[in-house]
Amino acid sequence: MITGQGEFIFDGINSRTGLDIVTAQIAKPISPEITNSSQPVPARYGVVNLGNSYGAKTVNITITVLATTREELAEKSHNLANAFIRPNDEGATYSMIFADEPNVEYYGIFTDIPELTPVQKGVWDSTTTLKFYMPDPRGYMPQQTVQVTDEPFEFTPEGTGETAPVYRFTLHKDVNEIGMALASDDDDYVDVGMDQSVDDDGNVADNEPLMVSDPCNTLAQTSWLNVKTAPFDISGTIAGAFMSNTESISVKRSPNNGTAMYDYGNVSYSGWTGPMMVHQALTNTLNDMDHMFRMRHEKNYYRGISKAEAYWMDADSKCVARFYIQDGAQGNATKLYVYFGPSGHEVKVYAGTLDLKNGKNKKDTVTVIKKGTKVTYTGKGKSKKKKTTTVYYPKKIEITDYENTDYYNKCLLQFHTRKIGRRIVLSINKCDIKTGKTGAYIMKNKVINLPAASDFSYSTLAFHPAKHNITEDSTNPQTKKPNKLYNYGFNAITSYTVHAINNGGNVAAVPQIIAHKDDQVIIDCETNQATLVSGASVTSLNKYVAWGSNFPSLQGGKTERIGFSPSGDDADIEFDYRPTYR
């Protein structure tokens, strides 16, 4: 609980009562980081404004540590480090409550904890300014529960920011379909319930059975490849290692090398280098299927070059589709590429940038160590023995930096593909890196009709994160290490699912009951999950979520008309939400 004006609570630790520090100032920015995008047009006076994008917020917290001795100051310094330094795997953030907003909760991490400096000469009282970084800049109010009383239901959320409700339907009868929709946009809905066909014996037949559902939080279903076992040319060297995380498989972190951070193999390799793995293959190949997976890519050094590349493979281990997010050289923007079809018959579906921001081209320098000539000199001491040594000298290499960025520099993308015969329907969505929530479409239901030579059958998925050497990676001949260590970039894969499509897929025939009277169905727009609670049993309904469902958010202060199915006569409906502030 906060009782004083100069306090904050970080992850449950009160700054005054838990850490015995005095908070002198909390400087919160009015808005998150703002980046404007514009596009120059030939022969036009001025540019075309493409709008603003909003990033993170950083709060500066000036604190004073009161101490009467050097030992007391050292102990309190250790307490601060223990409280504020946290593991940051998979983008973890922690709760923060400030005294001036005791009912608002923020989430972030400390990114700068500088040394303590004395407030004046001769005393041990010391001060410093902490930086609290909030990737999600919103502040969250306590959760509220709303009862749905009318149909359609008109509602205005509190706050000013986006919020993701959790809807609960307590049913008065059996249902085969359940959902909600916003009146303001035809694309904002969730539809749970799938029409299925019936076999000759009258049994419900699922024509889209699940073949693979791997959250990619373990390496158990994967095999690592090497240069000799690579099934096709990847235009690079296979090296380095993978690791499993709570929600993804990524290139392995190197905890003993906090600068380079990720293990893409020996940096002395030229060209592309990185690990490669293949998922356990399907028992039978598929010509018709519903396929989904996600890839995450982060460019963390302005000149760094890395990529996340996924391959579809057939039964002969030939590549039949490619999806990759790849950084440009010399500070150029990152691009996304999608191809379908075997080698020599690929069909290009997508290649380009998104929300491109053209920076100002500039010249820069990178210092590398060069090997010079051997020098002979007379040693010290009585022997005056002559010695020979090699002289090494620094040399500045001029480089070009275009300072271009776009959405793909740091992104989590979802690829959803339906293939029936030679007809492919592809959707690509942005996803929230922190929450995993599916966001806006980059490509929506694009239809690709493959020529006969480009058709294929599907067996499994392979993943190859890689980095490309730059000037900084050149070897220092004196230390035998790279001339400059930097963050190589993060690449990961997650949420891999495949459904077979039989007889053209699930078509309208006899609707299947998905929930019974007195059951409760939960539609969670924060996690994009649909769940059935029946007595003590909890079951996922995700396989019944209709194509196109986007689990829409609500906007604080904006009145929205929400429709529900079933209506209030056939179900008790309520939802929880947390008001947010921008």
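Bear in mind the structure is a predicted one, so any value in this text is a computation, not a measurement.

Undergrad: It is not clear to me how the overall build of the chain should be interpreted in this structure. Could you clarify?
TA: Along the backbone of the chain there are one helix and 46 strands. Taken over the C-alpha atoms alone, the chain extends approximately 105 × 70 × 60 Å along its principal axes. The proportion of buried residues among the 582 residues of the chain is 45%. For the chain, the proportion of contacts with a sequence separation of at least 24, taken over those separated by at least 6, is 70%.

Undergrad: Any chance you could explain the side chain of Lys419 here in plain terms?
TA: On the secondary structure map, Lys419 appears in strand S34 (residues 410-420). Reaching out from Lys419, the side chain makes a polar contact with the backbone oxygen of Asn287 at a distance of 2.9 Å. A polar side-chain atom of Lys419 sits 2.7 Å from the main-chain carbonyl oxygen of Gly421. Residues contacting Lys419, with those up to four places away along its chain left out, are Asn287, Asp288, Met289, Ile424, Asp455, Phe456 and Ile501.

Undergrad: Any chance you could explain helix H1 (residues 70-84) here in plain terms?
TA: One turn of an α-helix holds 3.6 residues; hence residues three or four places apart share an orientation. Counted at 1.5 Å a residue, the expected span for H1 with its 15 residues is 21 Å, and the 21 Å between its end C-alpha atoms agrees. Among the residues of H1, Leu73, Lys76, Leu80, Ala83 and Phe84 are the ones counted as buried. Relative to the axis of H1, the buried residues are bounded by an arc of 90 degrees and lie together on one face. With respect to the buried face of H1, the exposed residues turned more than 90 degrees away are Arg70, Glu71, Glu75, His78 and Asn82. Taken together, the buried residues of H1 touch strand S1 (8-10), strand S2 (13-14), strand S3 (21-27), strand S6 (57-65), strand S8 (106-112) and strand S10 (126-134).

Undergrad: It is not clear to me how the sheet that holds strand S44 (residues 560-565) should be interpreted in this structure. Could you clarify?
TA: Adjacent strands of a sheet pair through backbone hydrogen bonds, lying either parallel or antiparallel. As summarised here, the arrangement of the four strands in space is S13-S44-S16-S17, forming an open sheet in which the pairing is antiparallel. Two strands in the sheet have a free side with no partner beyond their single neighbour: strand S13 (153-155) and strand S17 (189-192). In this sheet, neighbouring strand axes are inclined to one another by 20 degrees on average, regardless of whether the strands run parallel or antiparallel.

Undergrad: Would you mind going over unusual backbone geometry with me for this structure?
TA: Glycine aside, negative phi is the norm for most residues, and most peptide bonds take the trans geometry. That bond from Glu151 to Pro152 is cis: its omega, -5 degrees, falls within 30 degrees of zero. Checked against the element boundaries, Pro152 lands in the loop between strand S12 (144-147) and S13. Look at the link from Ser565 to Pro566: it is a cis peptide, with omega at 5 degrees. Within the secondary structure, Pro566 is located in the loop between S44 and strand S45 (571-577). One non-glycine residue with positive phi stands out, namely Asp11, at about 50 degrees.

Undergrad: What exactly am I supposed to notice about the packing of aromatic side chains here?
TA: Each aromatic ring pair is characterised by the separation of its centres together with the angle its planes make. Tallied over the entire structure, the rule returns 36 aromatic pairs. On the basis of an interplanar angle of 35 degrees and a centroid distance of 6.3 Å, the ring pair of Phe8 and Phe84 is categorised as tilted. Of the two residues, Phe8 is situated in strand S1 and Phe84 in helix H1; the sequence distance between them amounts to 76 residues. A ring pair is formed by Phe293 and Phe323, whose centres lie 5.2 Å apart and whose planes are at 85 degrees; its orientation type is edge-to-face. Highlighted residues: Phe293 in strand S27 (residues 289-298) and Phe323 in strand S29 (residues 319-326), separated in sequence by 30 residues. Across the pair, Phe323 and Phe293 agree in class, each one buried. Through a chain of ring-to-ring contacts, the aromatic side chains of Phe153, Phe155, Tyr167, Phe169, Phe564, Phe575 and Tyr577 assemble into a single cluster. The positively charged end of Lys307 is found above the aromatic ring belonging to Trp272, 4.5 Å away from the centroid.

Undergrad: I would appreciate a short explanation of the sheet that holds S45 in the present structure.
TA: The strand order across the open sheet built from six strands is S12-S45-S15-S40-S41-S42, with neighbouring strands paired in antiparallel fashion. Pairing within the sheet leaves two strands with one partner each, and these edge strands are S12 and strand S42 (537-540). The sheet shows a mean angle of 20 degrees between the axes of neighbouring strands, taken without regard to direction. Examined bridge by bridge, S12 and S45 share four bridges and lie antiparallel to one another. Bridging across to S45, Gln144 finds its partner in Tyr577.

Undergrad: When you look at the nonpolar core in this model, what are you seeing that I'm missing?
TA: In a soluble, globular protein the nonpolar side chains are often hidden away together inside. Met295, Trp312, Val338, Phe340 and Tyr408 are the most contacted members of the largest nonpolar core, which has 43 residues in total. With 31 residues, the next largest nonpolar core counts Tyr167, Phe169, Ala515 and Leu541 among its residues.

Undergrad: So what exactly am I meant to see when it comes to the environment of Tyr407 here?
TA: Note on placement: Tyr407 falls in the loop between strand S33 (386-401) and S34. Spatially, the C-alpha atoms of Tyr407 and Ser254 are 27 Å apart, while their sequence positions differ by 153 residues. Not counting the four nearest positions on each side in its chain, Tyr407 is found in contact with Leu354, Asp355, Leu412, Leu413, Lys430, Cys431 and Ile442.

Undergrad: Explain the pairing of strand S26 (residues 276-279) here, please?
TA: Consecutive residues of a regular strand have side chains that alternate between opposite faces of the sheet. Neither face of S26 is exposed, since Met276 and Val278 on one face and Met277 and His279 on the opposite face are all buried. Pairing analysis gives four bridges linking strand S21 (residues 222-225) to S26, with the strands arranged antiparallel. Along S26, the bridge assignment pairs Trp224 with Met277. Where S26 meets strand S37 (residues 460-468), two bridges bridge the pair, whose relative direction is antiparallel. Bridge pairing links Val278 to Ala462 in S37.

Undergrad: How should I be thinking about the pattern of salt bridges in this particular structure?
TA: Side chains that differ in sign of charge can pair as their charged atoms come close. Counting across every chain of the model gives 22 salt bridges. Ionic pairing is found between Glu72 and Lys76, a salt bridge with its closest N-O pair at 3.4 Å. In this pair, Glu72 and Lys76 are both assigned in helix H1, four residues apart and thus about one turn of the helix distant. Note that Glu162 is salt-bridged to Arg138, the shortest N-O span being 3.9 Å. Highlighted residues: Glu162 in strand S14 (residues 162-163) and Arg138 in the loop between S10 and strand S11 (139-140), separated in sequence by 24 residues.

Definitions and cut-offs
Residues numbered from 1 in each chain as written. Predicted model: local features only at pLDDT ≥ 70, side-chain atom pairs only at ≥ 80, totals over all residues. Heavy atoms only, no water. Helix = DSSP H or I, 4+ residues; strand = E, 2+ residues; numbered from the N terminus. Buried < 20%, exposed > 50% of the residue type's maximum accessible area, 1.4 Å probe, protein only. Contact = heavy atoms within 4.5 Å. Polar contact = N/O pair within 3.5 Å; in protein donor to acceptor, adjacent residues only side chain to side chain. Expected span 1.5 Å × (residues − 1). Arc of directions from axis to C-beta. Pairing = 2+ DSSP bridges. Axes fitted to C-alpha atoms, helices over the stretch in contact; angles between N-to-C directions. Phe/Tyr/Trp six-rings, centres within 6.5 Å; stacked < 30°, edge-to-face > 60°. Lys NZ or Arg CZ within 6 Å of the ring centre and 35° of its normal. Core = buried A, V, L, I, M, F, W, Y, C linked by side-chain atoms within 4.5 Å. Salt bridge = Lys/Arg side-chain N within 4 Å of Asp/Glu carboxyl O.

In short, the description is geometric, and any link to function would need to be established separately.
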